[in-house]
Amino acid sequence: MDELARAVEAALFAAEEPMTAEALASFLGDAAVGDVRAALRSVAEDYEKRGIHLVERGKRWHFETAPDLAHLLRREKEQVRRLSRAATEVLAIIAYREPVSRAEIESIRGVQTSGGTLDVLMEAGWVKIAGRREVPGRPTIYATTPEFLEHFGLSSRRDLPGIAELRATGLLDPVEDAYDELMSDGLHEDSGDSMGREETSDEA
């Protein structure tokens with residue numbers, strides 16, 4: 001392992017949060033970003049068979065326990081975060097179509113979406129406000145976070161499962177018609193084409 005790779009390893013080991021290649025390059029005295037990326041790949045390869053791995057999640061790098069050893073470090077029974085059907089649908093739509101407004105989410109789902117559902121996803125750290133759409137009314141738009149990628153073990157949104165895989169899991173069962181909408185180029189800017197029904201309960 002060369003000196004830059006050793007420096008990258010040390011910096012990530014001491015870092016309190018995951019770091020991008022650009023942040024590492026700056027931290028290490030303006031090292032070339034390309035060289036830092038090569039060093040990251042070298043360190044990741046060196047750790048492949050060890051008890052901890054160097055992984056990239058959303059363009060940020062950090063060390064984590066090897067998946068096959070994670071159970072050895074759990075001292076308490078892991079609490080599984082359970083989402084309501086509505087929250088699961090909203091999270092999937094945001095992940096596949098981000099950035100997306102609440103009206104656009106409702107247009108795809110065909111039902112009104114409770115503000116509490118979005119609050120739950122933001123409190124979980126999986127969804128964030130990504131600005132406002134530059135259209136009349138300037139609606140708030142939402143996107144996923146690096147924490148979303150990390151929680152679901154994704155390097156980037158390109159690793160999201162295909163629609164066929166989601167259909168197989170029954171994840172979006174009640175909104176079967178939304179699959180075509182998710183992958184289509186056209187997305188309504190408002191909820192005018194919704195199916196006109198309101199949810200009686202949309203709490204996560």
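This text follows the structure it describes.
Read on for a plain summary of the structure. Bear in mind the structure is a predicted one, so any value in this text is a computation, not a measurement.

## A look at the overall build of the protein
Phase 1: In terms of regular secondary structure, the protein is built from nine helices and six strands.
Phase 2: Counting over 204 residues, the protein shows a buried share of 37%.
Phase 3: Of the contacts made within the protein by residues no fewer than 6 positions apart, 56% connect residues no fewer than 24 positions apart.
Phase 4: Carbon and sulfur atoms provide 47% of the accessible area of the protein, an area that totals close to 12400 Å².

## What to know about the pairing of strand S2 (residues 52–57)
Phase 1: In this structure, S2 lies alongside strand S3 (residues 60–65), joined through six bridges in antiparallel fashion. Directly across from Ile52, in S3, lies its bridge partner Thr65.
Phase 2: Counting the residues that bridge the hairpin from S2 to S3 gives two residues, and of these Gly58 lies at a positive phi of roughly 60°.

## Focus: the pairing of S3
Phase 1: Examined bridge by bridge, strand S1 (residues 19–20) and S3 share two bridges and lie antiparallel to one another. Paired with Thr20 across the bridge in S3 is Arg60.

## Quick look at the packing of aromatic side chains
Describing an aromatic ring pair means giving the distance of the ring centres and the angle of the ring planes.
Phase 1: Scanning all chains against the criterion turns up one aromatic pair.
Phase 2: The ring of Tyr47 carries Arg50 above its face, with NZ or CZ at 4.5 Å from the centroid.

## Side note on the environment of Ala11
Phase 1: Tracing the sequence through the fold places Ala11 in helix H1 (residues 3–14).
Phase 2: Once residues lying within four places of it in the same chain are set aside, the contact partners of Ala11 are Leu24, Phe27 and Leu28.

## What about the pattern of salt bridges?
Phase 1: Applying the stated rule across the entire model yields nine salt bridges.
Phase 2: When the shortest N-O distance is used, the salt bridge between Glu3 and Arg6 registers 3.1 Å. Taken together, the positions of Glu3 and Arg6, both in helix H1 and three residues apart, correspond to about one turn of that helix.
Phase 3: With a relative accessible area of 56%, Glu3 lands in the exposed category.

## Description of helix H4 (residues 85–97)
Phase 1: For H4, with 13 residues, the first-to-last C-alpha span of 18 Å sits near the 18 Å given by 1.5 Å per residue.
Phase 2: For H4, the tally of buried residues reaches 12 of 13 residues, placing the bulk of the element in the interior.
Phase 3: The complete set of buried residues in H4 reads Ala86, Ala87, Thr88, Glu89, Val90, Leu91, Ala92, Ile93, Ile94, Ala95, Tyr96 and Arg97.

## Quick word on helix H3 (residues 33–46)
Phase 1: With 14 residues, H3 extends 20 Å between its outermost C-alpha atoms, agreeing within 8% with the 20 Å of an ideal straight helix rising 1.5 Å per residue.
Phase 2: For H3, every residue scored as buried is listed here: Val36, Ala39, Leu40, Val43 and Ala44. Around the axis of H3, the buried residues are gathered within 135° of arc, so they sit on the same side. Seen from the buried face of H3, the exposed residues on the opposite side, beyond 90 degrees, are Arg41 and Glu45.

## Description of the packing of H4 against helix H5 (residues 102–109)
Phase 1: Axis separation between H4 and H5 bottoms out at 10 Å; the angle between their running directions is 110°. When the axis of H4 is compared with that of H5, the two are roughly perpendicular. Seen along the crossing, H4 lies across H5 with a hand that is right-handed. For the pair H4 and H5, the contacting residues are Ala86, Glu89, Val90, Ile93, Ile94 and Arg97 in the first and Ile105, Ile108 and Arg109 in the second.
Phase 2: Looking at the contact of H4 with H5 residue by residue, the classes come out as six nonpolar, no polar and three charged.

Criteria and cut-off values
Residues numbered from 1 in each chain as written. Predicted model: local features only at pLDDT ≥ 70, side-chain atom pairs only at ≥ 80, totals over all residues. Heavy atoms only, no water. Helix = DSSP H or I, 4+ residues; strand = E, 2+ residues; numbered from the N terminus. Buried < 20%, exposed > 50% of the residue type's maximum accessible area, 1.4 Å probe, protein only. Contact = heavy atoms within 4.5 Å. Areas by Shrake-Rupley, 256 points an atom, 1.4 Å probe, with all protein chains shown as cover. Pairing = 2+ DSSP bridges. Phe/Tyr/Trp six-rings, centres within 6.5 Å; stacked < 30°, edge-to-face > 60°. Lys NZ or Arg CZ within 6 Å of the ring centre and 35° of its normal. Salt bridge = Lys/Arg side-chain N within 4 Å of Asp/Glu carboxyl O. Expected span 1.5 Å × (residues − 1). Arc of directions from axis to C-beta. Axes fitted to C-alpha atoms, helices over the stretch in contact; angles between N-to-C directions. Parallel < 35°, antiparallel > 145°, perpendicular 65-115°, else oblique. Left-handed = near helix turned anticlockwise from the far one by under 90°. Nonpolar A, V, L, I, M, F, W, Y, C, P; charged D, E, K, R; others polar.

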